[in-house]
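# Results of the structural survey
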Amino acid sequence: MAENHKLSEDGKTITDSDTGLMWAVETLPRMTQEAAFEAAKASTLSGYSDWRVPTVKELQSIVDHSRSSPACDPKFQAQPGGYWTSTDYIDPAYAWIVYFGYGGTGAYNKTNDFFVRLVRSGH
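The following paragraphs examine the structure supplied in this document. In this text, all values refer to a predicted model and were calculated from it rather than measured experimentally.

## Quick word on the pairing of strand β3 (residues 21-24)
The alternating pattern of β3 places Leu-21 and Trp-23 on one face and Met-22 and Ala-24 on the opposite face, and all of these are buried. The sheet contact formed by strand β2 (residues 13-16) and β3 spans three bridges and is antiparallel. Note on β3: the bridge partner recorded for Thr-15 is Met-22. Two strands pair when backbone bridges link them, and β3 and strand β9 (residues 119-121) are joined in this way by three bridges, in the antiparallel orientation. Looking at the pairing, Met-22 lines up with Arg-120 of β9.

Okay, structure coming up:
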């Protein structure tokens, strides 16, 4: 695990000391972007109720281009597929996703199903 990533005692979150973000370790199943927002709003993981869907910049911050399938530290338990972000594309019917197979990005219709990784501001 990168030196800036600290796994919580309960093993359910990782805090990034560089960004101050707290990440859910668990990958949520594939769902639409709207369902991802609802899942974040409903989450009380590790006793916190302010989980959200990350921006594209935030999600890219945990990509490790020295790895592939998935392109991040194994502690994140990422699937090698696409993950929703909260960042809209130029066309508001689309949003950015980050692919953890290789670490790239793309824009897809918000009605498509992709994985979800929740985040919160840790500080």
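## Comments concerning unusual backbone geometry
A cis amide bond links Ser-69 with the next residue in sequence, Pro-70, at an omega value of 10 degrees. Considering the arrangement of structural elements, one finds Pro-70 in the loop between α2 (56-60) and β5 (82-88). Of note in the backbone geometry, Ser-69 takes a positive phi value of approximately 50 degrees without being a glycine. Among the structural elements, Ser-69 can be located in the loop between α2 and β5.

## Focus on the side chain of Asp-16
Looking at where Asp-16 falls in the secondary structure, it is placed in strand β2. Although Asp-16 lies buried, it forms no salt bridge, and the closest oppositely charged side chain, Arg-117, sits 11 Å away as judged by the N-O distance. A polar side-chain atom of Asp-16 sits 3.2 Å from a polar atom in the side chain of His-5. A distance of 2.8 Å separates a polar atom in the side chain of Asp-16 from the backbone nitrogen of Asp-18. Ignoring any residue separated from it by four or fewer positions in sequence, one finds Asp-16 in contact with Asn-4, His-5, Leu-21 and Trp-23.

Rules used throughout
Residues numbered from 1 in each chain as written. Predicted model: local features only at pLDDT ≥ 70, side-chain atom pairs only at ≥ 80, totals over all residues. Heavy atoms only, no water. Buried < 20%, exposed > 50% of the residue type's maximum accessible area, 1.4 Å probe, protein only. Helix = DSSP H or I, 4+ residues; strand = E, 2+ residues; numbered from the N terminus. Pairing = 2+ DSSP bridges. Lys, Arg positive; Asp, Glu negative; His and termini not counted. Salt bridge = Lys/Arg side-chain N within 4 Å of Asp/Glu carboxyl O. Polar contact = N/O pair within 3.5 Å; in protein donor to acceptor, adjacent residues only side chain to side chain. Contact = heavy atoms within 4.5 Å.

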